[in-house]
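Spelled out from the first residue to the last, the chains are:
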Amino acid sequence: MSKRQNSSTTAVEERSKVAALSGAGAAGQPARPIDKSRDMDVDGDADMGEFEDAFEDEIEEEDVVERDEDSDGVEMMQDGEENDDDEDEEDEATAEKKRQVYLPGDQLAEGETLQVDNSAYHMLHSMSVDWPSLSFDFVPDNLGNSRSLFPHTMYAVAGTQADRAFRNQVVLMKMSQLHRTINDDLDDEDRTDEDVNDLDEDPILETKVIRHQGGVNRVRVLQSYESPLTATWADTGKVHIWDIKKLMTALETPGAKLSSTSQQPLFTIASHGTVEGYSMDWNPDGRLLTGDCAGNIYLTTRRSDTGANFVADRISFKGHTASVEDIQWSPEEASVFATSSVDQTIKIWDVRAKARRFALDVPNAHDSDINVISWNRKSRYLLASGGDNGDFKVWDMRKWADASGRSTPAAEFRWHKKAVTSIEWCPTDESVLAVSGADDQLTLWDLAVELDAEEEARHRDAMVGPDGTKRDVPAQLLFIHQGQNHIKELHWHPQIPGVLGSTAASGFNFFKTISV
């Protein structure tokens, strides 16, 4: 599939292209009209921008209700006042019945628009950009694991797709004051004591940037707080490795300036020549695998006994006949990795094999290019894959092939109407999977859901569209997040359970749903 993002052609200053962070804006499930008014500008790099509050306090005169009083000062209800209350209750009930859950493909009536329903999200923040990013990754921090208290702080690094090669950047982002937004739609009188902590404060975005020659096809961060090495796949055919620990230190030090050496890559992998690629993955021990559009896969090893930081192999792993679209190291076997390709196969490799050939493969795993794969970190025998035709599959590697030698997926879903662009297992729940597509949907699935016949019948009856027709919605589908255009990549935050980030042509979303 085509990975390239359409870039803006507007000339801008040489600064961070990340432009805005807001407290709402992406349409979710259920949906109502999207409110774009909360996208707020912010300068990049060292200067922190100003966030505007689109919902400034408005003082309105209270309605004065005149009531008659008897001689004892007791209020007397006017004729018809009780009926008015009944009518109000009926109106609310009628409105609730008329409220429909929107699903992709439903036709909107004339004048109808979609708006985010904040009650479906514990947290939802959107960030607009001047240059889109095909890829990003979360950066590990020292704020603690499994944290749940709001407001959240998180770090991420992204690479740009600018209109000219010299304008591209690697951007380190620190996002703080990410408050809960689930009660944003509530009136003050409807809030409980627990809700008072949901402050109406703007999130804060701070950035540090490094100039990058060429567009950034993919970004991957070694998940180590002490050594968060970052690799960028450039459209020039080069893979650069950066030490962003220095950027993080500068970001936390007011007035700090980056040295010239900290803005240069630690190492550049030239094994691919001028052939660009998109697939890349770090092993926790510092080894990096990169795959290109010619089907070559190279291993780069982090070493200290050679006098150099890294050693890049010149001999590639051979086996794919077309572009290698994704690579994943095994979470269990340190020498094993999986790949997916435009040749419609999934292959399993062992870096110890002298012949540099694959050990296992699934021919014709999909009927189209296999864009993405994800290895389950908890149930380590499960591998998920997403195809260019919109389907995604789950493979049980304990049952890689049946008696006849054919490989059959353990599960298969055809929900997305266009190419699957990203797929990732939840790091804290082994049955939950996130999937994004070129149809502008990001979906959450719980593959552990199984319905009996009676439950299945109730589920089908509940899935009725505005026109009264029943809709085929898988019971495993938990949530549909919308509001972004051309979603390219998603990631679960490794230290904040349930929090997701996604990048698209329209910018970034960071959110946590009520479903996970």
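Every chain begins its residue count from 1, and numbering advances along the sequence as written. Local features in a predicted model are, by the rule used here, given only for residues with pLDDT of at least 70; side-chain atom pairs are given and counted only at 80 or more, and totals for whole chains, interfaces and linings are based on all residues. The basis for every side-chain value is the complete set of non-hydrogen atoms in the structure, without hydrogens or water.

Q: I'd like a rundown of the nonpolar core, residues and numbers included.
A: Throughout this description, the term nonpolar core refers to a set of buried Ala, Val, Leu, Ile, Met, Phe, Trp, Tyr and Cys residues connected via side-chain atoms within 4.5 Å. Only protein chains enter the accessibility calculation, which uses a 1.4 Å probe. A residue is then buried if its area is under 20% of the maximum for its type, exposed if over 50%, and partly exposed in between. By size, the foremost hydrophobic cluster in this structure holds 18 residues, and its most contacted members are Met 127, Phe 136, Met 154, Met 173, Met 175, Phe 508 and Phe 510. Helix and strand assignments come from DSSP, with helices taken as H or I runs of at least 4 residues and strands as E runs of at least 2, each series counted from the N terminus. In terms of residues, this core owes the most to one element, strand 6 (residues 169-178), which gives four residues.

Q: Give a description of the packing of aromatic side chains that names residues and reports values.
A: Here a pair means two rings of Phe, Tyr or Trp (six-membered ring of Trp) with centres within 6.5 Å. Their orientation is stacked below 30 degrees between planes, edge-to-face above 60, and tilted elsewhere. Applying the stated criterion across every chain, the model contains 16 aromatic pairs. For the ring pair Phe 392 and Trp 445, a centre distance of 5.1 Å and an interplane angle of 70 degrees mean the geometry is edge-to-face. Of this pair, Phe 392 sits in strand 22 (residues 392-396) while Trp 445 sits in strand 26 (residues 442-446), and the two are 53 residues apart along the sequence. On the accessibility criterion, Trp 445 (0% relative accessible area) is buried. Centre to centre, the rings of Phe 413 and Trp 445 are 5.0 Å apart; their planes meet at 45 degrees, and the pair counts as tilted. Of this pair, Phe 413 sits in strand 23 (residues 411-413) while Trp 445 sits in strand 26; the two residues are 32 residues apart in sequence, bridging distant segments of the chain. Lying over the aromatic face of Phe 317, Arg 356 brings its terminal NZ or CZ to 4.5 Å of the ring centre. By definition here, charges over rings are those cases where NZ of Lys or CZ of Arg is within 6 Å of the ring centre and within 35 degrees of the ring normal.

Q: Tell me about helix 2 (residues 245-252), and please be specific about residues and values.
A: When helix 2 is considered as a whole, its buried residues turn out to be Leu 247, Met 248, Ala 250 and Leu 251. One side of helix 2 carries all its buried residues, which in axial view fall inside an arc of 165 degrees. Any two residues having at least one pair of non-hydrogen atoms within 4.5 Å are treated as being in contact. Each element contacted by the buried residues of helix 2 is listed here: strand 4 (135-139), strand 5 (152-159), strand 6, strand 7 (204-211) and strand 10 (239-243). Arc definition: it is the arc formed by the directions from the helix axis to the C-beta atoms.

Q: Explain the pattern of salt bridges to me, and be specific about the residues and the numbers.
A: Think of a salt bridge as a Lys or Arg side-chain nitrogen and an Asp or Glu carboxyl oxygen that are within 4 Å of each other. As enumerated under the stated definition, the model contains 17 salt bridges in all. Among the salt bridges present, the one from Glu 489 reaches Arg 220, with a minimum N-O distance of 3.2 Å. A residue pair is termed long-range when its members are at least 10 positions apart, and Glu 489 in strand 28 (residues 487-492) and Arg 220 in strand 8 (residues 216-221) qualify at 269 residues. With respect to burial, Glu 489 and Arg 220 carry one shared label: buried.

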